[in-house]
Amino acid sequence: MPNEIIDVKFYDGIKKILSEARQKVYATANFAMVEAYWEIGKSIVEKQGGNATAEYGEGLIKKLSGQMTKDFGKGFTTANLKNMRQFYLAFPNRYTLCSQLSWSHYRLIMRVDDERARNFYVEECAKANWSVRQLERQITTFSYQRLLASHGNYDVVADTTKREPAKKPEDIIRDPYVLEFLGLEQCSSFYESDLEQGLIDHLQKFLLELGRGFAFIGRQERITFDNQHFYIDLVFYNYILKCFVLIDLKTGKLTHQDIGQMQMYVNYYTREKKNEGDNPPIGILLCAEKNDAVVKYTLPEGNKQIFASKYMLYLPSEEELANAINAERKALEDSKK
């Protein structure tokens, strides 16, 4: 019968079967990536062995990055290939690699200088099934050193672990490194709520319909710093202003941390993405709080007043953006009533 209450013990057994099967699939994909990156790192080190000059090493990695990006897509930047090289140097014995740890885990651990500390974090991470965030907290709070200082009192380790959320199997398949390794596109729905999706859809269409030089570049564009992933909601290029326009939407109250994060995005695009002849990027923060819509423009540091005045001619005004957000938010809320 459809409405009959299912036996709890029976259903828990079914859930366990499926959860364990999913865990195996995720772990297999993860460890295949770890092993592949170790092998790539080993190959790079061995190739550089006979030509150990810095110039040769940089040139080799740059050429390898270009060819691999062409053949396999994202994930093989020069920085990532250097990480694979460092991974091999930190763990030269392949048989010490642990199948429970992901590439994101190893990227953190291999930056620990002390070999004994590295081994400690590998063992404890595997044994306690730490998430990446739990591992990062353990490392940044010097758990290994505190454990030694406390003469082996593991309470210092357990207490630190409790302060971060535990690892979930589904988090692994959302890991950008895994998606890149498998050649899969990141899905924006992983990172957006229904309200955010609706508002971002509308903003994307709104800006392109303005007719002020906007060309769409990407959505949920990822930036990675020290194993932390950040996602810019919308990226455009304005061919009249000759600059990138970065847009981030916040559904809560705008904070100074949000402003600082947007400044980081602007600085990153200035240093890494801006082409010769381009003007510095512009950031736009949109706050879609229930009671009000706030718009804040973030200009690059040291911007010239002439450019600051010019961009207002081609970017939507604060009032236009606020009205667009409010109208779309109300339409979305009304449709759910």
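Model, not experiment: these values are computed from the prediction.

**Student:** How should I be thinking about the packing of aromatic side chains in this particular structure?
**Tutor:** We describe a pair of aromatic rings using the distance from one ring centre to the other and the angle between the two ring planes. If you walk through the whole model with that rule in mind, you get 15 aromatic pairs. Geometrically, the ring pair formed by Phe216 and Phe236 is edge-to-face, given 5.8 Å between the ring centres and 70° between the ring planes. Taken as a pair, Phe216 in strand β1 (residues 214-225) and Phe236 in strand β2 (residues 228-238) lie far apart in primary sequence, 20 residues in all. Assessed through its relative accessible area of 34%, Phe216 is described here as partly exposed. Classification of Phe236 by relative accessible area gives buried; the value is 0%. When the ring of Phe244 is compared with that of Tyr269, the centres are 5.2 Å apart and the planes differ by 70°; the resulting orientation is edge-to-face. Of this pair, Phe244 sits in strand β3 (residues 243-250) while Tyr269 sits in helix α12 (residues 256-273); the two residues are 25 residues apart in sequence, bridging distant segments of the chain. You'll find Phe244 and Tyr269 in the same group, each marked buried. In this structure an aromatic cluster arises from ring pairing among Tyr37, Phe72, Phe76, Phe87, Phe91, Trp103 and Tyr106.

**Student:** Is there a simple way to think about helix α5 (residues 115-128) in this case?
**Tutor:** One full turn of an α-helix is made of 3.6 residues, so residues set three or four places apart face in the same direction. Here α5 spans 20 Å end to end across 14 residues, near enough to the 20 Å set by a 1.5 Å rise per residue. For α5, every residue scored as buried is listed here: Ala117, Arg118, Phe120, Tyr121, Val122, Glu124, Cys125 and Ala126. Where α5 begins, the capping side chain belongs to Asp114, and its oxygen is found 2.8 Å from the backbone nitrogen of Arg116. Of the residues one or two after α5, Asn129 is the one with positive phi, at around 60°.

**Student:** Sorry, what's going on with the environment of Ala117 here?
**Tutor:** Along the chain, Ala117 turns up in helix α5. Separated by 26 residues in sequence, Ala117 and Ser143 have C-alpha atoms that sit 9.2 Å apart. When near neighbours in sequence (up to four residues on either side) are disregarded, Ala117 contacts Val112 and Tyr144.

**Student:** Whenever I open this one, the side chain of Ser65 confuses me. Can you help?
**Tutor:** On the secondary structure map, Ser65 appears in helix α2 (residues 54-72). Under the relative-accessibility criterion, Ser65 is labelled buried at 8%. Within the structure, the side chain of Ser65 is placed 2.7 Å from the backbone oxygen of Phe76, a separation counted as a polar contact. If sequence neighbours within four positions are ignored, Ser65 has contacts with Phe76, Thr77, Thr78 and Leu81.

**Student:** Sorry if this is basic, but what is going on with the side chain of Gln138 here?
**Tutor:** Note on placement: Gln138 falls in helix α6 (residues 132-140). Here Ser143 takes part through its side chain, which lies 2.3 Å from a polar atom of the side chain of Gln138.

**Student:** I'm lost on the pattern of salt bridges in this one. Help?
**Tutor:** Where charged atoms from two side chains of opposite charge come close, those side chains can pair. One pass over the structure, following the stated rule, counts 6 salt bridges. The salt bridge partner of Lys42 is Glu46, with a shortest N-O separation of 2.8 Å. A residue pair is termed a helical-turn pair when its members lie 3 or 4 positions apart in one helix, as Lys42 and Glu46 do in helix α1 (residues 8-49) at 4 residues. Take Glu46: its relative accessible area is 49%, and that puts it in the partly exposed class. With its nearest N and O atoms 3.6 Å apart, the salt bridge here joins Arg116 to Asp114. The exposure class of Asp114 is partly exposed, given its relative accessible area of 28%. Through salt bridges with shared partners, a single network forms among Glu35, Glu39 and Arg94.

Calculation notes
- Residues numbered from 1 in each chain as written.
- Predicted model: local features only at pLDDT ≥ 70, side-chain atom pairs only at ≥ 80, totals over all residues.
- Heavy atoms only, no water.
- Phe/Tyr/Trp six-rings, centres within 6.5 Å; stacked < 30°, edge-to-face > 60°.
- Helix = DSSP H or I, 4+ residues; strand = E, 2+ residues; numbered from the N terminus.
- Buried < 20%, exposed > 50% of the residue type's maximum accessible area, 1.4 Å probe, protein only.
- Expected span 1.5 Å × (residues − 1).
- Polar contact = N/O pair within 3.5 Å; in protein donor to acceptor, adjacent residues only side chain to side chain.
- Contact = heavy atoms within 4.5 Å.
- Salt bridge = Lys/Arg side-chain N within 4 Å of Asp/Glu carboxyl O.

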